[in-house]
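# Per-entry structural report
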Amino acid sequence: MENRAEAMQEMDAEKKRFIDELKTWTVEERSFHPEGGWNALQIMEHIITSEVGTLGYLKKKTQAVAEDIPVVDTESTTRGVGLVAALKSDRQWQAPNVLQGPTGMHSFDALSAHWETVREDFFGFVDGLSGAYDHRQVFNHPIAGRIGLVHTLGFLASHITHHMHQLERVKMAMKANA
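## Structural notes on the overall build of the protein
Broken down by element type, the protein carries 6 helices and 2 strands. Along the chain direction, N to C, the helices and strands of the protein fall in the order α-α-α-α-α-β-β-α. At 17 Å, the protein has a C-alpha radius of gyration in line with the 16 Å of a compact globule built from 178 residues. Its C-alpha atoms put the protein at 55 × 30 × 25 Å along the principal axes. With 178 residues in all, the protein has 44% of them scored as buried. Contacts in the protein between residues far apart in sequence, at least 24 positions, make up 84% of those at least 6 positions apart. Where the 18 positive side-chain charges of the protein centre and where its 24 negative ones centre are 2 Å apart.

## A closer look at the packing of helix 4 (residues 74-88) against helix 6 (residues 149-177)
It is the contact of helix 4 with helix 6, at a shortest axis distance of 7 Å, that shows an interaxial angle of 20 degrees. Of the possible angle classes, the one that applies to helix 4 and helix 6 is roughly parallel. The interaxial crossing formed by helix 4 with helix 6 has left-handed handedness. Side by side, helix 4 and helix 6 meet where T77, G80, V81, L83, V84, A86, L87 and K88 of the first sit next to H151, G154, F155, S158, H159, T161, H162 and H165 of the second. Here the contact of helix 4 with helix 6 is built from residues that sort into 6 nonpolar, 9 polar and 1 charged.

## Re the packing of helix 1 (residues 4-23) against helix 6
Put simply, helix 1 and helix 6 touch, their axes get as near as 8 Å, and they point 15 degrees apart. In terms of orientation, helix 1 and helix 6 fall into the roughly parallel class. Relative to helix 6, helix 1 is oriented so that their crossing is left-handed. On helix 6, the residues that touch R4, A7, M8, E10, M11, E14, K15, R17, F18, E21 and L22 of helix 1 are L149, V150, L153, G154, L156, A157, I160, T161, H163, M164, L167 and K171. Of the residues belonging to the contact of helix 1 with helix 6, the class tally is 13 nonpolar, 3 polar and 7 charged.

## Observations concerning helix 4
Between its first and last C-alpha, helix 4 extends 21 Å over 15 residues, near the 21 Å set by a 1.5 Å rise per residue. In this structure, the buried residues of helix 4 make contact with strand 1 (139-141), strand 2 (145-147) and helix 6. N-capping of helix 4 is provided by D73, with a side-chain oxygen placed 3.2 Å from the backbone N of E75.

## Things to note about the nonpolar core
Residues L58, F122 and L153 are the most contacted members of the largest nonpolar core, which totals 24 residues. Put simply, the parts of the chain that give this core at least two residues each are helix 1, helix 3 (40-61), helix 4, helix 5 (108-128) and helix 6. With near-sequence residues (within four places) excluded, F122 lies in contact with E51, T54, L55, L58, L153 and L156. Listed in part, the 20 residues of the second largest apolar core include L41, I48, V118 and L167.

## Things to note about the pattern of salt bridges
Taken as a whole and judged by the stated rule, the model has 9 salt bridges. Here R4 makes a salt bridge to D134, at a shortest N to O gap of 2.4 Å. In this pair, R4 sits in helix 1 while D134 sits in the loop between helix 5 and strand 1, placing the two residues 130 residues apart along the sequence. Judged by relative accessible area, R4 falls into the buried class, the value being 13%. Residue E168 is joined to K171 by a salt bridge in which the shortest nitrogen-to-oxygen separation is 3.4 Å.

Rules behind the numbers
- The numbering scheme is per chain: residues are counted from 1 as the chain's sequence reads.
- The model is predicted, so local features are restricted to residues of pLDDT at least 70 and side-chain atom pairs to those at 80 or more, both for listing and for counting; the totals for chains, interfaces and linings are taken over all residues.
- Here the side-chain values reflect all heavy atoms present in the structure, with hydrogen atoms and water set aside.
- Helical segments are the DSSP runs of H or I of at least four residues, strand segments are the runs of E of at least two, and each set is numbered from the N terminus.
- Only C-alpha atoms enter the radius of gyration; for comparison, a globular chain is expected to reach 2.2 Å times N to the power 0.38, where N is the number of residues.
- Relative accessibility thresholds used throughout: buried, under 20% of the residue-type maximum; exposed, over 50%; partly exposed, between the two (1.4 Å probe, protein chains only).
- Any two residues having at least one pair of non-hydrogen atoms within 4.5 Å are treated as being in contact.
- Lys and Arg are tallied as positive, Asp and Glu as negative. Neither His nor the chain termini are counted.
- Note on charges: their place is set at NZ of Lys, CZ of Arg, CG of Asp or CD of Glu.
- Inter-axis angles, ranging from 0 to 180 degrees, are taken between N-to-C directions of lines fitted to C-alpha atoms, where helices are fitted over the stretch in contact.
- To sort the angles, those under 35 degrees are grouped as roughly parallel, those over 145 as roughly antiparallel, those from 65 to 115 as roughly perpendicular, and the leftovers as oblique.
- By convention, the crossing between two helices is left-handed when the near helix turns anticlockwise from the far helix through less than a right angle, and right-handed when the turn is clockwise.
- Charged means Asp, Glu, Lys or Arg here, nonpolar means Ala, Val, Leu, Ile, Met, Phe, Trp, Tyr, Cys or Pro, and polar covers whatever is left, Gly included.
- To estimate how far a helix should extend, the number of its residues minus one is multiplied by 1.5 Å.
- Counting of polar contacts relies on pairs of N or O atoms within 3.5 Å, with two restrictions inside protein: one atom must be capable of donating a hydrogen and the other of accepting it, and residues adjacent in sequence are counted only when both atoms are side-chain atoms.
- To form a nonpolar core, buried Ala, Val, Leu, Ile, Met, Phe, Trp, Tyr and Cys residues must be joined to one another through side-chain atoms within 4.5 Å.
- Within this document, salt bridges are pairs made up of a side-chain nitrogen of Lys or Arg and a carboxyl oxygen of Asp or Glu, the two lying within 4 Å of each other.

Structure representation (structure tokens):
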């Protein structure tokens, strides 16, 4: 990913892939709870919550003048690249404590509609953001640390990729439970 447009395209492609996958699941399958894990709707809710939280952070951070925010450097780039690579793997770890856990109380249709609204808000914000922020460390990931805008968008795309692996584990648990 070289720029914000490419990163947003990747976010959209991963969102579409996630939703298209869940469209093939029955209502019962989407609600299946593997032992010790989230069901598909909780995974979806978690992804949306992460995007909402990231957008809120970006809005707050970019209230500052761009020149007052640290410039993307080799270390922040390494952190961003590492975060994206880690999330593309199927390695499992706990969600950071900064996010509220998913309730599992929402339907697939309600979550899909909410995600669409969140994305419109997110992309509208990013599209309207001055280019002066492109090479600034505008996001502080709870594990990776401060990263730039393109890596922040890449994080959100690879976050979905990461949870696609989790959906596969849920499917395997369903088969084992059948």
